[in-house]
Amino acid sequence: RAKTAGKNRYEFYTQEMTDQAFERFLMVGALRNAIENQQFVLHYQPQIDLRDNSIIGAEALIRWNDPQMGTIPPSRFIPVAEKTGMIQNIDRWVLNTVCHNIHQWQQQGYRVPRISINISARHFGSNILADEVAAILDHHQCSSELIELEITEGVIMNNPSRAGKELKQLREMGIRLAIDDFGTGYSSLSYLKTLPLDRLKIDQSFISDIPEDKNDQAISRAIIALANSLGLEVIAEGMETEQQRQFLIEEGCLYAQGFLFSKGVPEHSFLSLLKKV
Ligand code: C2E
Ligand code: MG
Ligand code: MG
Ligand code: MG
């Protein structure tokens, strides 16, 4: 009996793995196509100064518009792209597109704020990021001060010494560095004092239940205090309500991004929010 069950299970897993492998195979093809056929677009979500509502930056957020499947959110394809190695191509496309846009916008006379770009764990650990970024900036004549790279805590913990080297190289180029989803990863706080970081982004899961959740209040308050006393900038993600805004101001967090001000919007809508020089 056990043998039969075991055999069934074996077959079941084999079938499931085949399906998964096949799905992954299809997805890799689809992702490659998406880059070639320009099915990706970037949306830009403004980051604001809570004191005067001015736009101090924006985060580039990728969107995939497939003619058949419609809009596919990054939560569905970024993890697959990471597993299959396609993420390097996607990150490179995002870097190129942002730098191209920045240059274009400046040519059109816009006062362009700093743009934040998400860099995946796999790409960051690859040891080629800094050189790649340098080449892309150069190619588009894009100034490094206008670029911020967002990485997660996990990226650093994977290989702290290599991460440190890569961050240092990027920082020397004049690029700003932020920790995304801060507080959600497995990490040690000691890296905060040794690595060349500029900014912590409080994860939206700590913001979304404020003011009801006192624990989230306590955690957010502690992150703000930590950042402020280490001389790091702190920005809250996912600010949706006026009460959250009040809370952040009272606790000394100067910057936020979230639906209360704006979600990520297409390029033309983002440009309409910018001033001309
Ligand atoms: P993230 O970097 O933490 O990005 C913030 C996510 O929160 C975005 O979701 C944004 O639309 C969403 N968000 C912002 N404000 C609010 C709010 O007030 N309420 C709510 N409910 N959500 C808010 P999105 O665009 O779906 O991206 C999800 C994740 O996918 C990102 O999390 C990031 O990890 C990844 N991702 C997005 N674009 C890129 C990209 O170009 N490259 C890479 N490697 N990853 C990306
Ligand atoms: Mg991000
Ligand atoms: Mg985040
Ligand atoms: Mg996230």
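Residues numbered from 1 in each chain as written. Chains lettered and ligands numbered in written order. Predicted model: local features only at pLDDT ≥ 70, side-chain atom pairs only at ≥ 80, totals over all residues. Heavy atoms only, no water.

Colleague: For this particular structure, what's the right way to read the overall build of the protein chain?
Modeller: When helices and strands are tallied, the protein chain shows twelve helices and nine strands. Rg of the C-alpha trace for the protein chain: 21 Å, near the compact-globule value of 19 Å for 277 residues, within the 12% margin. Considering only contacts in the protein chain between residues 6 or more positions apart, those separated by 24 or more positions represent 67%. One finds the centroid of the 28 positive side-chain charges in the protein chain at a distance of 4 Å from the centroid of its 35 negative side-chain charges. (Helix = DSSP H or I, 4+ residues; strand = E, 2+ residues; numbered from the N terminus. Rg over C-alpha atoms; globule rule 2.2 N^0.38 Å. Contact = heavy atoms within 4.5 Å. Lys, Arg positive; Asp, Glu negative; His and termini not counted. Charge placed at Lys NZ, Arg CZ, Asp CG, Glu CD.)

Colleague: Looking at this structure, how should I read a nonpolar patch on the surface?
Modeller: The grouping of F22, F25 and L26 at the surface amounts to a nonpolar patch, some 350 Å² of accessible area in total. Note on L26: relative accessible area 45%, which makes it partly exposed. (Patch = residues over 30% accessible without salt bridge, like charges linked within 9 Å, V, L, I, M, F, W, Y side chains within 5 Å. Areas by Shrake-Rupley, 256 points an atom, 1.4 Å probe, with all protein chains shown as cover. Salt bridge = Lys/Arg side-chain N within 4 Å of Asp/Glu carboxyl O. Buried < 20%, exposed > 50% of the residue type's maximum accessible area, 1.4 Å probe, protein only.)

Colleague: How should the coordination of the magnesium ion (ligand 3) be read in this particular structure?
Modeller: Four donors placed tetrahedrally about a metal ideally form angles of 109.5 degrees, and six donors placed octahedrally ideally form angles of 90 or 180 degrees. For the magnesium ion (ligand 3), the full set of protein donor atoms is D180 (OD), D181 (OD), E237 (OE) and E237 (OE), at a range of 2.0 to 2.5 Å. Counting along the primary sequence, the residues that act as donors to the magnesium ion (ligand 3) give the motif D-D-x55-E. Taken as a pair, the magnesium ion (ligand 3) and the magnesium ion (ligand 2) lie 4.1 Å from each other and share D180 as a ligand. Linking D181 in strand β6 (residues 176-182) with E237 in strand β8 (residues 233-237), this pair joins segments that are 56 residues apart in sequence. On the accessibility criterion, D181 (25% relative accessible area) is partly exposed. Classification of E237 as buried rests on a relative accessible area of 8%. (Donors = N, O, S within 2.8 Å, 3.2 Å for Na, K, Ca; no water.)

Colleague: Please explain the packing of aromatic side chains as it appears in this structure.
Modeller: For any pair of aromatic rings, the description consists of the separation of the ring centres together with the inter-plane angle of the planes. Per the stated rule, a full pass over the model turns up seven aromatic pairs. Each ring, one from F40 and one from W64, has its centre 5.8 Å from the other, and the planes form 55 degrees; the classification is tilted. Residue F40 is located in strand β1 (residues 40-49), and its partner W64 is located in strand β2 (residues 55-66); the two are separated by 24 residues in the primary sequence. For F40, a relative accessible area of 4% puts it in the buried group. A relative accessible area of 0% means that W64 is categorised as buried. Positioned over the ring face of Y110 is K276, at 4.4 Å from the centre of the ring. (Phe/Tyr/Trp six-rings, centres within 6.5 Å; stacked < 30°, edge-to-face > 60°. Lys NZ or Arg CZ within 6 Å of the ring centre and 35° of its normal.)

Colleague: Would you explain the site of ligand 1 in this entry?
Modeller: Of all residues adjacent to ligand 1, which total 22 residues, the nearest are R63, N118, D180, E240 and F259. Here a nitrogen atom of ligand 1 sits 3.1 Å away from a polar atom, N or O, in the main chain of I62. Burial of ligand 1 by the protein amounts to 80% of the accessible area it has alone, namely 800 Å². (Near = heavy atom within 4 Å. Polar contact = N/O pair within 3.5 Å; in protein donor to acceptor, adjacent residues only side chain to side chain.)

Colleague: It is not clear to me how the pattern of salt bridges should be interpreted in this structure. Could you clarify?
Modeller: If charged atoms from side chains of opposite charge come close, those side chains can pair. Inspection of the entire model under this criterion finds 13 salt bridges. E233 serves as the salt-bridge partner of R176, at 3.5 Å between the closest nitrogen and oxygen. Of this pair, R176 sits in strand β6 while E233 is found in strand β8, placing the two residues 57 residues apart along the sequence. E233 sits in the partly exposed class, given a relative accessible area of 22%. For the salt bridge of E237 with K201, the shortest nitrogen-to-oxygen distance reads 4.0 Å. Placement of the pair is E237 in strand β8 and K201 in strand β7 (residues 199-202), with a sequence separation of 36 residues. For the pair formed by E237 and K201, the shared burial category is buried. Linked through salt bridges whose partners overlap, the residues forming this network are E59, E150, K201 and E237.

Colleague: Hey, could you run me through the environment of P67 in this one?
Modeller: Here P67 shows up in the loop between β2 and β3 (70-72). Each C-alpha atom, one on P67 and one on Q39, is 8.3 Å from the other, the two residues being 28 residues apart in sequence.

Colleague: Looking at this structure, how should I read the side chain of D198?
Modeller: Position of D198 relative to the elements: it lies in the loop between α8 (191-194) and β7. A polar contact is formed between the side chain of D198 and the side chain of R171, at a distance of 2.9 Å.

Colleague: Help me understand helix α11 (residues 242-251) in this model?
Modeller: Residues of α11 that are buried include every one of Q244, R245, F247 and L248, and no others. Taken end-on, α11 shows its buried residues confined to a sector of 160 degrees, consistent with a single buried face. Here the buried face of α11 lies against β1, α9 (204-207), α10 (214-230), β8 and β9 (255-257). Directly after α11, the chain includes G252, whose backbone phi takes a positive value near 90 degrees. (Arc of directions from axis to C-beta.)

These values are about where atoms sit, not about what they do.
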